[in-house]
Amino acid sequence: MEFLKALRGEPTSKTPLWLMRQAGRYMASYRALRAKHSLLELVKTPELACEVTLQPIHAFQLDAAIIFSDILPILETLWLKLEFVNGEGPVLHNPIRSAAQVQALALRPLEETIGFTLEAIKLVKPELKVPLIGFAGAPFTLACYALEGGSSKDHRLAKTFMYSEPEAWHRLMEILTAITSDYLIAQADVGVDALQIFDSWVGALSPQDYHRYVFPHLHKLIAGIRTRTSKPVIYFSTGTTGYLNLIAELNADAYSIDWRVSLSTAHKQLGEHKPIQGNLDPLALLAPWPELKRQTDLILKQAPKTGFIFNLGHGILQQTPEDNVRRLTDYFAE
Ligand code: 1CP
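About the cut-offs
- Along each chain, numbering runs from 1 in the same order as the chain's sequence is written.
- Given that this is a predicted model, residues contribute local features only at a pLDDT of at least 70 and side-chain atom pairs are listed and counted only at 80 or more, while totals for whole chains, interfaces and linings are drawn from all residues.
- Hydrogen atoms and water are omitted, and side-chain values are computed over all heavy atoms in the structure.
- One heavy atom within 4 Å of a molecule or strand is enough for the residue carrying it to be called near that molecule or strand.
- Definition of a polar contact: a pair of N or O atoms within 3.5 Å, with one able to donate and the other able to accept a hydrogen when the atoms are protein atoms, and with sequence-neighbouring residues admitted only if both atoms are side-chain atoms.
- Calculation of accessible area relied on Shrake-Rupley with a 1.4 Å probe; when residues are assessed, cover is drawn exclusively from the protein chains displayed.
- When residues are grouped by polarity, Ala, Val, Leu, Ile, Met, Phe, Trp, Tyr, Cys and Pro land in nonpolar, Asp, Glu, Lys and Arg in charged, and all others, Gly among them, in polar.
- Only one rule defines a salt bridge in this text: a Lys or Arg side-chain nitrogen within 4 Å of an Asp or Glu carboxyl oxygen.
- Partly exposed residues are those whose accessible area sits between 20% and 50% of the maximum for their type, while under 20% is buried and over 50% is exposed, using a 1.4 Å probe and protein chains only.
- Take the buried Ala, Val, Leu, Ile, Met, Phe, Trp, Tyr and Cys residues and link them wherever side-chain atoms come within 4.5 Å; each set so joined is a nonpolar core.
- Labels follow the DSSP assignment, with helices taken as runs of H or I lasting at least four residues and strands as runs of E lasting at least two, numbered in each case from the N terminus.
- We call two residues contacting when some pair of their heavy atoms lies within 4.5 Å.
- Both cavities and pockets are sets of points on a 1 Å grid over the protein atoms alone; in a cavity a 1.4 Å probe fits but cannot get out, in a pocket the set is open with protein on both sides within 12 Å along at least five of seven lines, and lining residues sit with an atom within 4 Å of a point.
- Grid points are joined across faces, edges and corners, and a volume is the space filled by probe spheres set on the points.

### Quick notes on the site of the ligand
Part 1 of the reasoning: Surrounding the ligand, one finds 23 residues, the nearest of these being Tyr30, Arg34, Tyr145, Ser151 and Ser200.
Part 2 of the reasoning: Contact between the ligand and Arg34: an oxygen atom at 2.5 Å from a side-chain N or O atom of the residue.
Part 3 of the reasoning: Note that a nitrogen atom of the ligand is positioned 2.6 Å from one of the side-chain N or O atoms of Asp70.
Part 4 of the reasoning: Here the ligand, which alone exposes 890 Å², has 89% of that area covered by the protein.
Part 5 of the reasoning: For the shell around the ligand, the residue count by class is 13 nonpolar, 6 polar and 4 charged.

### Section: the pattern of salt bridges
Part 1 of the reasoning: A full pass over the atoms with the stated rule returns 14 salt bridges.
Part 2 of the reasoning: Between Arg108 and Glu112 there is a salt bridge, and its shortest N-O distance comes to 3.1 Å.
Part 3 of the reasoning: Residue Glu112 is classed as partly exposed on the basis of its relative accessible area of 45%.
Part 4 of the reasoning: The residue Arg171 makes a salt bridge to Glu174 at a minimum N-O spacing of 3.2 Å.

### A look at the nonpolar core
For soluble globular proteins, the rule of thumb is that nonpolar side chains tend to be buried together.
Part 1 of the reasoning: In terms of nonpolar packing, the biggest core is built from 124 residues, with Phe3, Leu75, Tyr210 and Tyr235 touching the most fellow members.
Part 2 of the reasoning: It is helix 9 (residues 166-189) that contributes the most residues to this core, 11 residues altogether.
Part 3 of the reasoning: Not counting the four nearest positions on each side in its chain, Leu75 is found in contact with Leu80, Leu92, Leu142, Tyr145, Ala146 and Leu176.

### Some thoughts on the side chain of Asn279
Part 1 of the reasoning: Looking at the element boundaries, Asn279 is found in strand 8 (residues 276-280).
Part 2 of the reasoning: Among the polar contacts made by the side chain of Asn279, one reaches the main-chain carbonyl oxygen of Asp258 at a distance of 3.1 Å.
Part 3 of the reasoning: A polar side-chain atom of Asn279 sits 2.9 Å from the main-chain carbonyl oxygen of Val261.
Part 4 of the reasoning: Not counting residues within four places of it along the chain, the set of residues in contact with Asn279 comprises Ile257, Asp258, Trp259, Val261, Ser262, Leu263, Ile299, Asn311, Leu312 and Gly313.

### Quick notes on the layout of surface pockets
In this approach a probe as big as a water molecule rolls over the atoms, and the regions it shows empty are the leftover space.
Part 1 of the reasoning: The computed volume of the second largest pocket comes to approximately 160 Å³.
Part 2 of the reasoning: Looking at the second largest pocket, it is lined by 13 residues, and the ones nearest its centre are Thr15, Ala303, Pro304, Lys305 and Phe308.

That's the geometry; what it means functionally is another story.
Below, the structure is given as C-alpha cells:
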C-alpha cells in the first residue's frame, strides 16, 4: 500500500516502485504466451489478461500492478478497425481523415469495446496484495492514432488536421475525452485503485499548441473524473519538459515525468507538494548494475521525502534483461 500512500503524499516505509509496461516482451513467460496468442487475444480474453498482469508481480518485488490491456482498443468505440501487425505495430484500417468523418462519428457502446478489460480487472483484483492501476490513453495521444492510422514519428497528419480543421479537432477531442472519462470511471467502479492517463506523444507540441488544442480537454477530463471518483489520477507525458508549468495547472493528483529533466527541477515546476513519479531512462535498465545503481541513486537523492514513486521515464524496452529488473526491484526491497 506504499504506492497509494505516496500518491496521497503520506510517509512510506520504503520507496514504492513499479515499471511502466512492466508486463511484456522482455519477460520469457510473456513471450511464451504470445507464441500461442496474438496481442489482442491476450487483451480481449480476461483470463489471459489476468495471467499477464500477474507475471511481473510474481517475478519481481513491485509495489503496484497495472492491468494488462492497451490504450488503443477504445478507438473501436469510434468504429475504427484495430489490428496489431507483427513487426509493424498498431494499424487502424479506417483512420479519420476529414472533418466530415468527425461530424458523422457514431459511437459503439463502451461495454462492447472495453468490457473485457473490466472483466480482467475483476479477475485479477482478488489475486493481488498490491494496488492495481487502471489506465487509458490521453485524448491527444489517441487522436494521433485515430488520424494517422498507426504509429508516427512526427504526427504530421494529426497536427495538420489540428491546424486546418480546428473545429473538427476540438469535436474529436471532446468525443475522446468523454469516452476516456467513462472508461476510467468504469475501471474505478470495478476495483482499480489508481488511474493513469498516458499522453505519450503530446511532447510533439509547442507550449502554445498544447495550451490551445489540448489543455482545455485534459483539464475537463481530470476535473470530470474527480467529480465521479476519489481514486487518484496520474498524468504521464513525455517530451513536455518545456511546459511543465502548464501541466501543473491540470490539477492531476500526481505527475509522471520522463528522464529529459532532472527530478528536482520537475518537482519544483510541478509543485513542491505534488506527488511525482519517475524518471529513470528505460535504457539504463540495459546497463551493468554499477551504472544502473548510480542512476537510480541519483534519482533517489533528488526525490522528495514524501510523495515519490520510482518508475521509468517511459516504457520498459523489450531488450531489457529480466535479471536487471530483479536487481533493481530487490534493491528497493533491501
Ligand atoms: O506482444 C506485443 O506485441 C507486445 C507489445 C505491446 C504490449 C505488451 C503492445 C503493442 N501493447 C502492450 C500492452 C500495453 N500497452 C500495456 C500493458 C502492459 C503493462 O504496462 O504492463 C500498457 C500500459 C500499454 C500502453 C500503451 N500502448 C501506450 C502508452 C504507454 C507508452 O509506452 O507510451 C502506447 C503508446 C501504446 C500503443 C502501442 N501498443 C503496442 C505498441 C507497439 C504500441 C506503440 C506503438 C508506437 O510506437 O506508436
